Amino acid sequence: MLWRSRAVAVLAVVTLAGPAVPTPAAAQAGDTPAVNAVIVWNSHAQTAIYEVARQAPNVTGRSFAMVQGAVYDAVNAIAGQPYQPYLIAPPSRPGDSADAAVAAAAYRVLLDMFPAQSATLTAQYEQALAAIRDGRGKRGGIAVGEQAATAMLEARRDDGAFGPGTWNVSTAPGQWRPTPPGYAQDGAWLADLKPFVVDDAAGYRTAGPPALSSAAWVREFTEIKALGSETSTVRTADQTEAARWWHDRRLGEWQIKRDLAQSRRLSPLQTARMFAMADIANADALTACFAEKKHWNFWRPVTAVTLADTDGNPATTADPSWTPLVVTPPFPDHTSGHTCSTSAVMLALRTFFGRDDLSFSAYSQDSGTTRTFTSFSQALAEVVEARIWAGVHFRSADVQGVEVGTRVTRDVLAREFHRQR
């Protein structure tokens, strides 16, 4: 099929752009305990961030990065700093509890972000501490975790999150305007969010969407009009399932990271490092992506197809009744936040494990199905197509989103999470 040949170009971007960061191919630091506290608190974080607070996917990136960055610094300090700290290396002593440090770091960050969830978070924290023997090691672990959390919260104070920014609403051809059914706008503040690592998130400029007068525009328009429609007769059942699976607000990447940590028997330190690599790269990739959205301000497919008679190109035909398979997110098209995010996560995972060909799967409640992949690059190739099948992104937005996520992740991993010399 045509999409498979086009996916080769996307895979080439990821393969050629991988950073030369020395990382372990598999677990090497001792036996994994029966309960990995890093995984447990990552699940608690998902509950707080999404299941209760219902943050949108573009917002959850910052929240997970804060939690996992603090957890990484805490566990790394307890382990004697084998890796570069992200923000801080709190002093620790032999025997300090890593589990207590994980719980304290995650709890303090989550409590600061979601004070209304205090009762639930405190109950989770007390349950975690109750399983740890009282004594100096427990107290020391708590102190390390609290210091890591404090450093993260201070670093993100006044970082621009949830600011008053708005998108540039325009009626000009090719320019973004709110889309049905809610006709809302959201997330403009993310374009100006303080990055976690990179110097300038707005510095990852892409070639931009095709000119409305070009043959490339006609190809992308024609493709999504046929494949992305709610009533498409050319989209296959598997493509429809994939579109819904990838559009699930409960992101499959969350489950994928936890499942990889368990199936590969990673230690808490390795798990904390892997999560931090993926989540911090993801956060900066999303900021760079939204800076692109702000710069290009390109219209969404649902607008372009229904108003094609205004684009000045005689080769495009309007369909006022056209509706995408899924609801269009409330911000501009270019670049795709989902491909920016997924490219960052998949490249971080591939870099951590030192290989691409690992199998993994995740379940989506939205589609009611589990999708399985045999490599990180296969998953990335599918999300590029899935956003077209869903009717919410043009191809150039997806492909260039991969480029943004890849470039940002290369820069993040070139600077952070290295083994200490």
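For clarity, every value in this text was computed on a predicted model and none was experimentally measured. (Residues numbered from 1 in each chain as written. Predicted model: local features only at pLDDT ≥ 70, side-chain atom pairs only at ≥ 80, totals over all residues. Heavy atoms only, no water.)

**A closer look at the environment of proline 173**
So the rule is basically this: The numbering of helices and of strands both runs from the N terminus, where a helix is a DSSP run of H or I of at least 4 residues and a strand a run of E of at least 2. We call two residues contacting when some pair of their heavy atoms lies within 4.5 Å.
Counting through the fold element by element, proline 173 comes out in the loop between helix 6 (136-155) and helix 7 (215-227). Between the C-alpha atoms of proline 173 and aspartate 311, which are 138 residues apart in sequence, the distance is 5.4 Å. If sequence neighbours within four positions are ignored, proline 173 has contacts with Leu212, Trp299, Thr310 and Asp311.

**Here's the deal with the pairing of strand 1 (residues 360-364)**
Threshold: Relative accessibility under 20% of the residue-type maximum defines a buried residue, over 50% an exposed one, and the middle range a partly exposed one, all with a 1.4 Å probe and only protein chains included. Think of it this way: DSSP has to see at least two bridges between two strands before they count as a pair.
Here strand 1 shows a buried face lined by Phe360, Ala362 and Ser364 and an unburied face lined by Ser361 and Tyr363. Where strand 1 lies against strand 2 (residues 369-373), five bridges are found, and the strand directions are antiparallel. Residue serine 364 lies in a different strand from strand 2, and its bridge partner there is threonine 369.

**Section: the nonpolar core**
Across soluble globular proteins, nonpolar side chains show a tendency to be buried alongside one another. The condition that has to hold: Residues belong to one nonpolar core when they are buried, are Ala, Val, Leu, Ile, Met, Phe, Trp, Tyr or Cys, and are joined through side-chain atoms within 4.5 Å.
Val71, Leu110, Phe196, Val412 and Phe417 are the most contacted members of the largest nonpolar core, which has 113 residues in total. At 15 residues, helix 10 (residues 268-296) tops the list of elements feeding residues into this core. Excluding anything up to four places from it in sequence, phenylalanine 196 contacts Arg62, Ala65, Met66, Tyr86, Met152, Arg156, Ile280, Ala283 and Asp284. Formed by 13 residues, the second largest nonpolar core is a distinct cluster that contains Phe221, Phe298, Ala304 and Ala308.

**Examining the pattern of salt bridges**
For clarity, the threshold we go by: The working definition used for a salt bridge is a side-chain nitrogen of Lys or Arg within 4 Å of a carboxyl oxygen of Asp or Glu.
Overall, the coordinates contain 17 salt bridges when judged by the stated rule. For the salt bridge of aspartate 159 with arginine 156, the shortest nitrogen-to-oxygen distance reads 2.9 Å. When sorted by exposure, aspartate 159 lands in the same class as arginine 156, which is buried. Of the charged contacts in the structure, one is a salt bridge between arginine 355 and aspartate 357, with a shortest N-O distance of 3.0 Å. Of the residues examined, arginine 355 reaches a relative accessible area of 33% and is grouped as partly exposed. Within this structure, Asp238, Glu241, Arg371 and Glu382 form a network of salt bridges that share partners.

**Comments concerning the packing of aromatic side chains**
Any aromatic ring pair is given by two values, namely how distant the centres are and how the planes are angled relative to each other. Note the following rule: Stacked, edge-to-face and tilted labels apply to pairs of Phe, Tyr and Trp rings (six-membered ring for Trp) whose centres lie within 6.5 Å, assigned for plane angles under 30 degrees, over 60, and everything in between, in that order. Throughout this description, the term charge over a ring refers to an Arg CZ or Lys NZ atom that lies within 6 Å of the ring centre and within 35 degrees of the ring normal.
Here the structure, examined in full by the defined rule, presents 19 aromatic pairs. Consider the rings of phenylalanine 298 and phenylalanine 394, whose centres lie 6.0 Å apart with planes at 65°: the pair is edge-to-face. You can see phenylalanine 298 sitting in the loop between helix 10 and helix 11 (301-306) and its partner phenylalanine 394 sitting in the loop between helix 13 (376-389) and helix 14 (395-415), a full 96 residues away along the chain. As far as the burial class goes, phenylalanine 298 and phenylalanine 394 line up, both buried. Among the aromatic side chains, those forming a connected cluster through ring pairs are Trp245, Trp246, Phe352, Phe353, Phe360, Phe373 and Phe376. Cation over ring: arginine 156 sits above phenylalanine 196, and NZ or CZ is 3.7 Å from the ring centre. The cationic tip of lysine 293 hangs over the ring face of phenylalanine 290; the distance from NZ or CZ to the ring centre is 5.5 Å.

**Examining helix 13**
What counts here: Multiply 1.5 Å by the residue count of a helix minus one, and that product is the helix's expected span.
End to end, helix 13 covers 20 Å across 14 residues, agreeing with the expected 20 Å (1.5 Å per residue, within 8%). Counting buried positions along helix 13 gives 13 out of 14 residues, so the element sits mostly inside the fold. One or two residues past the end of helix 13 sits glycine 391, with phi positive at roughly 80°.

**Quick word on empty space enclosed by the protein**
Rule in force here: Site definitions follow a grid-based scheme: protein atoms alone, a 1 Å grid, a 1.4 Å probe that fits but cannot get out for cavities, and for pockets an open set with protein on both sides within 12 Å along at least five of seven lines, plus lining residues having an atom within 4 Å of a point. Grid points are joined across faces, edges and corners, and a volume is the space filled by probe spheres set on the points. Here the nonpolar group is Ala, Val, Leu, Ile, Met, Phe, Trp, Tyr, Cys and Pro; Asp, Glu, Lys and Arg are the charged ones; every other residue, Gly included, is treated as polar.
Within this structure, the stated rule accounts for one cavity of 30 Å³ or more. Considering only enclosed or pocket space, the largest cavity measures out at about 60 Å³ in volume. At the level of secondary structure, the elements contributing two or more residues to the lining of the largest cavity comprise helix 3 (57-78), helix 9 (252-263), helix 10 and helix 12 (337-353). Counted by class, the lining of the largest cavity contains four nonpolar, four polar and three charged residues.

**Points about helix 14**
Taking 1.5 Å of rise per residue, 21 residues should cover 30 Å, and helix 14 covers 31 Å from first to last C-alpha, within 8% of that figure. Following helix 14 by one or two positions, phenylalanine 417 has its phi on the positive side, about 70°.

**Thoughts on unusual backbone geometry**
Here the residue pair proline 180 and proline 181 is connected by a cis peptide bond, since its omega of 5° sits within 30 degrees of zero. Among the structural elements, proline 181 can be located in the loop between helix 6 and helix 7. Here histidine 334 and threonine 335 are connected by a cis peptide whose omega angle stands at 5°. With respect to the secondary-structure elements, threonine 335 resides in the loop between helix 11 and helix 12. Residues other than glycine seldom take positive phi values, yet glutamine 81 does so here, at roughly 60°. With respect to the helices and strands, the residue glutamine 81 is situated in the loop between helix 3 and helix 4 (98-113). Phi at aspartate 158 is positive, roughly 60°, even though this residue is not glycine. Tracing the sequence through the fold places aspartate 158 in the loop between helix 6 and helix 7. Looking at aspartate 158, the relative accessible area reads 77%, which means it is exposed.

Any functional reading would require information that these geometric values do not contain.
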